[in-house]
Amino acid sequence: MIMRPNLASLTRLLAVAAPVVAGGLMLGSPAPAPAQSPPPVLPGYWEYTTSAVGVRDTEQKCVRPSEINRFFGGLSTRRWQCTYPVREVGNGRARFEGACQDRKNRRVNVRLNGTYQQESFRFTGGAQLARGTPYLPASITARRIAAQCPANAEYF
């Protein structure tokens, strides 16, 4: 025996199923992209000098567009990997507070603030060697050397 649904049954089924199907389609479709603000600095070939705890180091690196946030927001060097839980960036001013660690697991607390433009930045502040000790002067100064990186450039 073949059961044929009547018009009233189909109407009720569609009334219940339509919102579920529509919701599923909406969840499966991509959301509109949020408005992106321009990056604080431009990609390209950068030279930056760090000075902390009596050690001054200058590096030149090629920074790809995909690395801008890590470059500008991480402010790490060959020697130190840094993370900054406090990161305030906007209107040409920035403030960072965090910690840096070297390959020997030595840790230094860091506070930096200053100004930036798309092709340069300068941050000053301090580095604290041990909890409870004063912060010693620290700084990072960077400038974009070129929009294009040389063939032998080291990448960030």
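Just above, that's the structure.
An account of the accompanying structure is given in this report. What you see is a predicted model; the values in this text were computed from it and never measured. (Residues numbered from 1 in each chain as written. Predicted model: local features only at pLDDT ≥ 70, side-chain atom pairs only at ≥ 80, totals over all residues. Heavy atoms only, no water.)

Concerning the packing of aromatic side chains
Here's step 1: Per the stated rule, a full pass over the model turns up 12 aromatic pairs.
Here's step 2: Here the aromatic rings of F71 and F121 are separated by 6.0 Å at their centres, their planes lie at 65 degrees, and the arrangement is edge-to-face. In this pair, F71 is assigned in helix α2 (residues 68-74) and F121 in strand β6 (residues 120-128), connecting sequence segments 50 residues apart. Taken as a pair, F71 and F121 share a single burial class, namely buried.
Here's step 3: By way of ring pairs, the aromatic residues W46, Y48, F71, F72, Y84, F96, Y116, F121, F123 and F156 are connected into one cluster. (Phe/Tyr/Trp six-rings, centres within 6.5 Å; stacked < 30°, edge-to-face > 60°. Helix = DSSP H or I, 4+ residues; strand = E, 2+ residues; numbered from the N terminus. Buried < 20%, exposed > 50% of the residue type's maximum accessible area, 1.4 Å probe, protein only.)

Describing the pattern of salt bridges
Here's step 1: This model, assessed by the stated rule, comprises 9 salt bridges.
Here's step 2: If you follow the salt bridges from partner to partner, you end up with E59, K61 and E154 in one network. (Salt bridge = Lys/Arg side-chain N within 4 Å of Asp/Glu carboxyl O.)

Overview of the state of the cysteines
Here's step 1: In this structure the tally under the stated criterion is 2 disulfides.
Here's step 2: Across the disulfide from C62 sits C149; the S-S distance is 1.9 Å. Here the disulfide of C62 and C149 is right-handed, its torsion about the S-S bond being about 85 degrees. Taken as a pair, C62 in strand β2 (residues 55-63) and C149 in the segment after β7 (136-146) lie far apart in primary sequence, 87 residues in all.
Here's step 3: Judged by its relative accessible area of 24%, C149 is partly exposed.
Here's step 4: In this model C82 forms its disulfide with C100; the gap between the sulfur atoms is 2.0 Å. (Disulfide = S-S within 2.5 Å.)

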